[in-house]
Amino acid sequence: MAPRRAACLLPLLVAVASAGLGGYFGTKSRYEEVNPHLAEDPLSLGPHAAAARLPAACAPLQLRAVLRHGTRYPTAGQIRRLAELHGRLRRAASPSCPAAVALAAWPMWYEESLDGRLAPRGRRDMEHLARRLAARFPALFAARRRLALASSSKHRCLQSGAAFRRGLGPSLSLGADETEIEVNDALMRFFDHCDKFVAFVEDNDTAMYQVNAFKEGPEMRKVLEKVASALCLPASELNADLVQVAFLTCSYELAIKNVTSPWCSLFSEEDAKVLEYLNDLKQYWKRGYGYDINSRSSCILFQDIFQQLDKAVDESR
């Protein structure tokens with residue numbers, strides 16, 4: 001289970017009011033936004049499943065997958081910012097400001113103790129993902145076939161691994177306690193173990209200068225002023241981080257509870273594009289192509305993948 005953000009799944013109705021925003025939530029998006037067939041059947045392999053099958057002349061030897069954790073709750077920092085914004089609205093909401101009144105009445109149910117933990121929806125994500133994977137490769141996911149699972153020490157990743165194992169249980173005839181999950185942070189959180197990445201990017205305040213510049217730029221300023229106007233607040237009382245957490249709350253409510261949150265009403269599709277870009281910009285500089293060390297730090301994981309694949313080929317001979 002790879003140690004990064006969220007995803008989601010389940011046969012529930014898509015919330016209409018947030019449908020226009022659903023494509024801009026990045027890693028907080030539901031699986032249904034990418035594969036609508038899952039809304040009707042969480043085990044659907046899609047209409048082209050038959051065409052994607054391996055040719056009869058091919059026999060799969062091994063499958064190695066790097067998977068993200070399932071849908072999670074917000075982090076403690078995001079919850080603190082949301083509580084700050086919500087508290088401000090509860091104190092200042094005017095009856096003449098319907099958006100502020102609606103959000104002030106919204107029940108703030110997130111607690112800091114949730115701090116990025118796997119949501120019940122996330123457990124179902126992983127179970128269904130495992131079952132779909134087993135259906136695509138029945139020869140590999142059969143009784144008495146060997147299964148190895150590795151995870152980071154992050155709570156949400158360990159829980160995702162356990163849920164994934166449960167999803168494979170019927171296919172592999174696994175007992176309740178079989179197949180231990182190996183905790184391997186050196187492999188699954190390779191970035192934390194790369195001194196150069198930590199010093200040059202993770203702990204370097206100047207590494208995100210482009211992100212900070214965009215937060216203060218005209219595009220974000222326009223979104224901020226629009227949100228402030230909707231909430232009948234002075235623009236000076238908001239900042240990019242508070243606006244972003246309001247947008248994230250819209251995505252979390254849809255992913256975790258399948259509801260259209262009143263937080264979604266603050267944003268148009270054009271606003272969502274700006275906030276999506278802000279998130280993409282951060283990921284570009286922190287995890288993507290912005291700095292060369294970002295990709296180099298993952299070499300240990302790729303080396304392990306290819307070594308295990310080579311080993312499988314050698315053993316098959």
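Residues numbered from 1 in each chain as written. Predicted model: local features only at pLDDT ≥ 70, side-chain atom pairs only at ≥ 80, totals over all residues. Heavy atoms only, no water.

- Per an unreviewed UniProt entry, the chain goes by the name Multiple inositol polyphosphate phosphatase 1 and belongs to Bambusicola thoracicus.
- The annotation that UniProt attaches to the chain under Subcellular location (unreviewed entry) is "Cell membrane".
- Quoted straight from UniProt, the Sequence similarities (unreviewed entry) entry for the chain says "Belongs to the histidine acid phosphatase family. MINPP1 subfamily." (UniProt positions renumbered as here; feature names shortened; annotations may be inferred.)

Regarding unusual backbone geometry
At step 1: Positioned with a positive phi, Asp 115 is a non-glycine residue whose angle comes to about 20 degrees.
At step 2: Its place among the elements puts Asp 115 in the loop between α3 (98-105) and α4 (120-136).
At step 3: Classification of Asp 115 as partly exposed rests on a relative accessible area of 39%. (Helix = DSSP H or I, 4+ residues; strand = E, 2+ residues; numbered from the N terminus. Buried < 20%, exposed > 50% of the residue type's maximum accessible area, 1.4 Å probe, protein only.)

Quick look at the nonpolar core
At step 1: Ranked by size, the top nonpolar core spans 59 residues in total, and within it Val 227, Leu 238, Trp 263, Leu 266 and Phe 267 carry the most contacts.
At step 2: In terms of residue count, helix α10 (residues 240-257) provides more of this core than any other element does, eleven residues in total.
At step 3: When neighbours within four sequence positions are excluded, Leu 238 is seen to be in contact with Leu 85, Arg 88, Leu 224, Val 227, Ala 228 and Leu 233.
At step 4: Leu 129, Ala 134, Leu 140 and Ile 181 belong to the second largest nonpolar core, which has 17 residues in total. (Core = buried A, V, L, I, M, F, W, Y, C linked by side-chain atoms within 4.5 Å. Contact = heavy atoms within 4.5 Å.)

Topic: the packing of aromatic side chains
At step 1: Overall, the coordinates contain twelve aromatic pairs when judged by the stated rule.
At step 2: Between Trp 106 and Trp 263, the aromatic rings sit 5.6 Å apart at their centres with planes inclined by 85 degrees, giving edge-to-face as the arrangement. Pair noted here: Trp 106 is in the loop between α3 and α4 and Trp 263 is in the loop between α10 and α11 (269-286), with a separation of 157 residues, a long-range link. Summarising the burial analysis for this pair, Trp 106 and Trp 263 share the class buried.
At step 3: Each ring, one from Phe 214 and one from Tyr 277, has its centre 5.0 Å from the other, and the planes form 55 degrees; the classification is tilted. With Phe 214 in helix α8 (residues 209-215) and Tyr 277 in helix α11, this residue pair connects regions lying 63 residues apart in the sequence.
At step 4: Cluster of aromatic residues (ring-pair linked, three or more members): Tyr 73, Trp 106, Trp 109, Tyr 110 and Trp 263. (Phe/Tyr/Trp six-rings, centres within 6.5 Å; stacked < 30°, edge-to-face > 60°.)

A closer look at the state of the cysteines
At step 1: A complete count under the given rule lists two disulfides for this structure.
At step 2: A sulfur-sulfur separation of 2.2 Å characterises the disulfide bridge that pairs Cys 97 with Cys 232. Measuring the twist about the S-S bond at about 100 degrees, one finds the Cys 97-Cys 232 disulfide to be right-handed. One end of the pair, Cys 97, is in the loop between α2 (76-92) and α3; the other, Cys 232, is in the loop between α9 (218-230) and α10, and 135 residues separate them in sequence.
At step 3: Judged by its relative accessible area of 1%, Cys 97 is buried.
At step 4: By sequence order of its bonded cysteines, the chain has the disulfide arrangement 1-2, 3-4.
At step 5: Note on Cys 194: no disulfide assigned, nearest cysteine sulfur contributed by Cys 299 at a separation of 9.2 Å.
At step 6: Residue classification places Cys 194 among the buried residues on the basis of a relative accessible area of 14%. (Disulfide = S-S within 2.5 Å.)

Notes on the pattern of salt bridges
At step 1: Enumeration according to the criterion identifies 14 salt bridges in this entry.
At step 2: The salt bridge involving Glu 84 is made with Arg 88; its shortest N-O contact spans 2.7 Å. Taken together, the residues Glu 84 and Arg 88, both in helix α2 and four residues apart, mark about one turn of the helix.
At step 3: Residue Arg 88 is classed as buried on the basis of its relative accessible area of 17%.
At step 4: Across the salt bridge formed by Lys 215 and Asp 241, the nearest N and O atoms sit 2.8 Å from each other. Within this pair, whereas Lys 215 is found in helix α8, its partner Asp 241 is found in helix α10, the two being separated by 26 residues in sequence. (Salt bridge = Lys/Arg side-chain N within 4 Å of Asp/Glu carboxyl O.)

What to know about the environment of Arg 53
At step 1: By secondary structure assignment, the location of Arg 53 is in the loop between α1 (31-34) and α2.
At step 2: Along the chain, Arg 53 and Glu 84 lie 31 residues apart, while their C-alpha atoms are 51 Å from each other.

Side note on α3
At step 1: All buried positions along α3 are accounted for by Ala 100, Leu 103 and Ala 104. Looking straight down α3, one finds its buried side chains confined to an arc of 105 degrees; they lie on one side. Exposed side chains of α3 directed beyond 90 degrees from the buried face belong to Pro 98 and Ala 105.
At step 2: The secondary structure elements touched by the buried residues of α3 are α2 and α9. (Arc of directions from axis to C-beta.)

Observations concerning the confidence of the model for the chain
At step 1: For the chain, the mean per-residue pLDDT works out to 89, and 93% of the residues sit at or above 70.
At step 2: Ignoring residues within four places in sequence, the model shows residues 1-19, a span with pLDDT below 50, making 91 contacts including any to other chains. (pLDDT = per-residue confidence, 0-100.)

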